[in-house]
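Letter by letter, the chains look like this.
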Amino acid sequence: MPKINGNEIRPGNVLEHNGGLWAAVKVDHVKPGKGGAFAQVEMRNLRNGSKLNERFRSADKVDRVRLEQKDQQFLYETDGMLVFMDNETFEQIELPADILGERRPFLQDGMTIQIEYYESEALNATLPQKVTCKVVETEPVVKGQTAANSFKPAILDNGVKVMVPPFVGQDEDIVINTETMEYAERA
């Protein structure tokens, strides 16, 4: 594994520290008036989600880890486990449903998602940035209601509540941004 200096840590880097894998969430470079400069790094454990604040001086060396990213297709869910298939080798793997967190309802049959691996251990799963969903329940369209930035609540076919513009009606397909979990555009 390549070693990097403490002042070279950037947000998004994956580090091996204290026997665990940590993703750098926030990095602040601090230059106190007395003493040497250091990087104040907020890290999140990739295995259990715990957080850690750590200081690294520029002389400190840390191991930077490269994760392998694979596109895999979602097949089905069974007993709280999601079953995915590798599109190249066709081998199937099971991951816990909570790997997606609150974005789980946007996972659809046959969807291709990106899974990050460290050696053979799956650590993270990322949905496509935009997903198409159907509006199953919303208030009717009101003519003349064109005030700037007025949104109304809508319930999607996966049970998630989102705010949509007033022109979106029931049974319409819309595109949702999975990172912000907000309305993006009409499908």
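The structure presented is a predicted model; accordingly, all values stated were derived computationally and were not measured. (Residues numbered from 1 in each chain as written. Predicted model: local features only at pLDDT ≥ 70, side-chain atom pairs only at ≥ 80, totals over all residues. Heavy atoms only, no water.)

K.L.:
If you had to explain the overall build of the protein chain to someone new, which residues and values would you point to?
P.N.:
Per the secondary structure count, the protein chain includes zero helices and 16 strands. Computed over C-alpha atoms, the radius of gyration of the protein chain comes to 21 Å, more than 25% over the 16 Å expected from 2.2 N^0.38 for 187 residues, which places it beyond the range of a compact globule. In terms of its C-alpha atoms, the protein chain occupies a principal-axis envelope of roughly 65 × 50 × 25 Å. Buried residues in the protein chain amount to 35% of all 187 residues. (Helix = DSSP H or I, 4+ residues; strand = E, 2+ residues; numbered from the N terminus. Rg over C-alpha atoms; globule rule 2.2 N^0.38 Å. Buried < 20%, exposed > 50% of the residue type's maximum accessible area, 1.4 Å probe, protein only.)

K.L.:
Account for the environment of D98, with residues named and values stated.
P.N.:
By secondary structure assignment, the location of D98 is in the loop between β9 (92–96) and β10 (112–118). Given a relative accessible area of 62%, D98 falls into the exposed group. Along the sequence, D98 and N124 sit 26 residues apart, while their C-alpha atoms lie 10 Å from each other.

K.L.:
Outline the sheet that holds strand β1 (residues 3–5), listing residues and values.
P.N.:
As summarised here, the arrangement of the six strands in space is β1-β6-β2-β3-β4-β5, forming an open sheet in which the pairing is antiparallel. Among the strands making up the open sheet, the edge pair consists of β1 and β5 (51–57). Averaged over all pairs of adjacent strands, the angle between strand axes in this sheet comes to 50°, irrespective of strand direction. Here strand β2 (residues 14–17) runs beside strand β3 (residues 20–30); their pairing, made up of four bridges, is antiparallel. In the sheet register, V14 faces β3, and the bridge partner there is A23. (Pairing = 2+ DSSP bridges. Axes fitted to C-alpha atoms, helices over the stretch in contact; angles between N-to-C directions.)

K.L.:
A description of the packing of aromatic side chains should follow, citing residues and the corresponding values.
P.N.:
Within the structure shown, the criterion is met by one aromatic pair. The ring of Y117 carries K70 above its face, with NZ or CZ at 5.4 Å from the centroid. (Phe/Tyr/Trp six-rings, centres within 6.5 Å; stacked < 30°, edge-to-face > 60°. Lys NZ or Arg CZ within 6 Å of the ring centre and 35° of its normal.)

K.L.:
Give me the pairing of strand β16 (residues 182–186): which residues, what numbers.
P.N.:
Bridging between strand β15 (residues 173–177) and β16 involves four bridges; their strand directions are antiparallel. Within the sheet, the bridge partner assigned to I174 lies in β16 and is R186.

K.L.:
So what's going on with the pattern of salt bridges? Residues and values would help.
P.N.:
Under the counting rule described, the total for this entry stands at nine salt bridges. One salt bridge in this structure joins R186 and E172, with 3.1 Å as the shortest N-O distance. Of this pair, R186 sits in strand β16 while E172 is found in the loop between β14 (161–164) and β15, placing the two residues 14 residues apart along the sequence. Residue class for R186 comes out partly exposed when judged on its relative accessible area of 43%. (Salt bridge = Lys/Arg side-chain N within 4 Å of Asp/Glu carboxyl O.)

K.L.:
Please set out the sheet that holds strand β7 (residues 68–78) residue by residue, giving values where relevant.
P.N.:
Ordered in space as β9-β8-β7-β10-β11, the five strands form an open sheet in which the pairing is antiparallel. At either margin of the open sheet sits one strand with a lone partner, and together these are β9 and β11 (121–126). Averaged over all pairs of adjacent strands, the angle between their axes in this sheet comes to 45°, without regard to strand direction. Relative to β9, strand β8 (residues 81–86) is paired through five bridges, and the arrangement is antiparallel.

K.L.:
Hey, could you go over the domain arrangement of the protein chain for me, with residue numbers and the actual values?
P.N.:
Domain annotation for the protein chain reports domain 1 (3–65), domain 2 (68–126) and domain 3 (130–186). Residue-level contacts link six residues of domain 2 with 10 residues of domain 3. Summed over both partners, the interface of domain 2 with domain 3 comes to about 680 Å²; 68% of that surface belongs to carbon and sulfur atoms. Between domain 2 and domain 3 we count zero salt bridges in total. Taken together, the links from domain 2 to domain 3 amount to four residue pairs in polar contact (both at pLDDT 80 or more). Of the residues in the side of domain 2 that touches domain 3, the class split is three nonpolar, one polar and two charged. (Domains from an automatic or database assignment. Contact = heavy atoms within 4.5 Å. Buried area = accessible area lost by both parts, 1.4 Å probe. Polar contact = N/O pair within 3.5 Å; in protein donor to acceptor, adjacent residues only side chain to side chain. Nonpolar A, V, L, I, M, F, W, Y, C, P; charged D, E, K, R; others polar.)

K.L.:
Summarise the UniProt feature "domain: Translation elongation factor P/YeiP central" (unreviewed entry) in the protein chain; cite the residues concerned and give the values.
P.N.:
Sequence positions flagged by UniProt for "domain: Translation elongation factor P/YeiP central" (unreviewed entry) are, in local numbering, residues 69–123. Split by type, residues 69–123 is 0% helix and 56% strand. Its first and last C-alpha atoms lie 10 Å apart. (UniProt positions renumbered as here; feature names shortened; annotations may be inferred.)

K.L.:
Can you break down the nonpolar core residue by residue, with the values?
P.N.:
The biggest cluster of nonpolar side chains holds 28 residues, and the ones touching the most others in it are F84, L107, I113, I115, L156 and I174. Residues from two domains meet in this core; each of domain 2 (68–126) and domain 3 (130–186) gives at least three. Listed in part, the 11 residues of the second largest apolar core include I9, V41, M43 and V62. (Core = buried A, V, L, I, M, F, W, Y, C linked by side-chain atoms within 4.5 Å.)

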